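Structural description and commentary
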Amino acid sequence: MKKIALISLGALCMLLGLVFVIIPGPSLIFFIAGLFCLSFYYPKARDYLVLCQKALTKSCAYIDKKLAR
């Protein structure tokens, strides 16, 4: 039951992320939340989550460096 609920929540978050790509909204937050939920049972989702975390860390460091000037 827990597995079904977590996978359903992950799929719903991913779908909301796709909708918010088209309609202005917090799409990145929903993508990450969906990947987080799916990463408990799917190793490929965990790999994508790590990739997103690294990309966000790198982009935040870049923005911090640009704003520090």
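Scroll up a little and you will see the structure.
Below or above, wherever it landed, is the structure these notes cover. As the structure is a prediction and not an experimental result, all values here were calculated from the model.

Across all of its chains, the model carries two aromatic pairs by this definition. With centroids separated by 5.2 Å and ring planes inclined at 75°, the aromatic side chains of F36 and F40 adopt a geometry described as edge-to-face.

This paragraph deals with the packing of helix α1 (residues 2–22) against helix α2 (residues 27–38). Contact pair α1 / α2: the axes reach a minimum separation of 7 Å and the direction vectors enclose 160°. Taken as axis vectors, α1 and α2 run roughly antiparallel relative to one another. Regarding α1 and α2, the two cross each other, and that crossing is left-handed. Within the contact between the two elements, α1 uses L6, I7, L9, G10, A11, C13, M14, L16, G17, L18, F20 and V21 and α2 uses S27, F30, F31, A33, G34, L35, C37 and L38. Class assignment of the residues belonging to the contact of α1 with α2 gives a composition of 16 nonpolar, four polar and no charged.

Let us now look at the packing of α2 against helix α3 (residues 43–67). The interhelical angle for the contact between α2 and α3, taken along N-to-C directions, is 140°, at an axis separation of 8 Å. The interaxial crossing formed by α2 with α3 has left-handed handedness. Taken together, the residues of α3 that come into contact with α2 (itself represented by L28, I32, L35, F36 and L38) are A45, Y48, L49, C52 and L56. Residues that form the contact of α2 with α3 fall into these classes: 10 nonpolar, no polar and no charged.

A contiguous nonpolar patch, built from V19, V21, I22 and I23 and spanning about 400 Å² of accessible area, is present on the exposed surface. Mapped onto the elements of the fold, V21 is located in helix α1. You can call V21 exposed: its relative accessible area is 53%.

Criteria and cut-off values
- Residues numbered from 1 in each chain as written.
- Predicted model: local features only at pLDDT ≥ 70, side-chain atom pairs only at ≥ 80, totals over all residues.
- Heavy atoms only, no water.
- Phe/Tyr/Trp six-rings, centres within 6.5 Å; stacked < 30°, edge-to-face > 60°.
- Axes fitted to C-alpha atoms, helices over the stretch in contact; angles between N-to-C directions.
- Helix = DSSP H or I, 4+ residues; strand = E, 2+ residues; numbered from the N terminus.
- Parallel < 35°, antiparallel > 145°, perpendicular 65-115°, else oblique.
- Left-handed = near helix turned anticlockwise from the far one by under 90°.
- Contact = heavy atoms within 4.5 Å.
- Nonpolar A, V, L, I, M, F, W, Y, C, P; charged D, E, K, R; others polar.
- Patch = residues over 30% accessible without salt bridge, like charges linked within 9 Å, V, L, I, M, F, W, Y side chains within 5 Å.
- Areas by Shrake-Rupley, 256 points an atom, 1.4 Å probe, with all protein chains shown as cover.
- Salt bridge = Lys/Arg side-chain N within 4 Å of Asp/Glu carboxyl O.
- Buried < 20%, exposed > 50% of the residue type's maximum accessible area, 1.4 Å probe, protein only.

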